[in-house]
Amino acid sequence: MAKLSILRFPDPRLHTVARPVQAVDARIRTLIADMLETMYDANGIGLAATQVDVHERLIVIDVSEERDEPMVLINPEIVWASEEKRVGDEGCLSVPGIYDGVERSLAVRVNAMDGDGQLRTIEAEGLLAVCIQHEMDHLAGKVFVEYLSPLKRNRIKTKMLKQQRVEQD
């Protein structure tokens, strides 16, 4: 397994719309393993392939307390979302250190293939539902800061660019 580099906002590659995974083959299984390792290493609960500069519809998630219940969603589609929504603080591995409120559906139903290529329907609520919606936004080329006001978004962008300059020096 190899740890992958996570793209950071405002990298324009984060706005690339992911294409469907064509086949769950050795390449995809290796990518899944590498993405899980990268997510766990970064103390994240979700990672979309878009964030590691692979623009295919693949997400890995683990919201378990023990960090031992990885979930793989390939070509996920939300087929139902609750009308009831809640604003909750979200963070993102592509926007480290930034947390802000985003409105999401409390529950979702998702059809997706798992890591073995088997079609599954997942009923999710709470943190898992929020995580799925957040990661699926990445597949659509959207970062959570885009839900914030232009003023907040520009402040975050400035902060992230400054942080990247400091790290490069």
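Notes on the structure in this doc start here.

Topic: the overall build of the chain
Within the chain, the secondary structure is distributed over 3 helices and 7 strands. Of the regular secondary structure in the chain, the N- to C-terminal order runs α-β-β-β-β-β-β-β-α-α. Relative to the globule expectation of 15 Å for 169 residues, the C-alpha radius of gyration of the chain, 16 Å, shows essentially globular dimensions. The C-alpha extent of the chain, read off along each of the three principal axes, is 45 × 40 × 30 Å. The burial tally for the chain puts 45% of its 169 residues in the buried class. If you take every contact in the chain between residues at least 6 apart in sequence, the share linking residues at least 24 apart comes to 65%.

Let's talk about the pairing of strand β7 (residues 119-125)
On a regular strand, one side chain projects to one face of the sheet and the next to the other, so that they alternate. When strand β6 (residues 107-113) meets β7, the two strands line up antiparallel, connected through 7 bridges. Residue pairing in the sheet places M113 in a bridge with L119 of β7.

Things to note about the layout of surface pockets
As a volume, the largest pocket reaches approximately 520 Å³. Around the largest pocket, the lining comprises 30 residues; the ones closest to its centre are I45, D89, E90, G91 and L127. When contributions to the lining of the largest pocket are tallied by element, the ones reaching two or more residues are β4 (85-92), β5 (95-105) and α2 (126-139). If you tally residues by element for the lining of the largest pocket, the top one is β5, at 8 residues. Looking at the lining of the largest pocket residue by residue, the class counts come to 14 nonpolar, 11 polar and 5 charged.

Side note on the environment of G91
Within the fold, G91 resides in strand β4. Exposure remark for G91: the relative accessible area of 26% places this residue in the partly exposed category. Separated by 47 residues in sequence, G91 and G44 place their C-alpha atoms 9.2 Å apart.

Describing the sheet that holds strand β2 (residues 58-61)
What the 5 strands build is an open sheet, ordered β1-β2-β3-β6-β7; its pairing is antiparallel. On the outer flanks of this sheet lie β1 (46-48) and β7, each paired with one strand and no other. Taking each pair of neighbouring strands and ignoring which way they run, the sheet shows an average axis angle of 40 degrees. Against the sheet, helix α1 (residues 26-41) contacts β1, β2 and β3 (71-81), and its axis sits at roughly 40 degrees relative to β2.

Parameters and conventions
Residues numbered from 1 in each chain as written. Predicted model: local features only at pLDDT ≥ 70, side-chain atom pairs only at ≥ 80, totals over all residues. Heavy atoms only, no water. Helix = DSSP H or I, 4+ residues; strand = E, 2+ residues; numbered from the N terminus. Rg over C-alpha atoms; globule rule 2.2 N^0.38 Å. Buried < 20%, exposed > 50% of the residue type's maximum accessible area, 1.4 Å probe, protein only. Contact = heavy atoms within 4.5 Å. Pairing = 2+ DSSP bridges. 1 Å grid on protein atoms, 1.4 Å probe; cavity = no way out; pocket = protein on both sides within 12 Å on 5 of 7 lines; lining within 4 Å. Points joined across faces, edges and corners; volume = space filled by probe spheres on them. Nonpolar A, V, L, I, M, F, W, Y, C, P; charged D, E, K, R; others polar. Axes fitted to C-alpha atoms, helices over the stretch in contact; angles between N-to-C directions.

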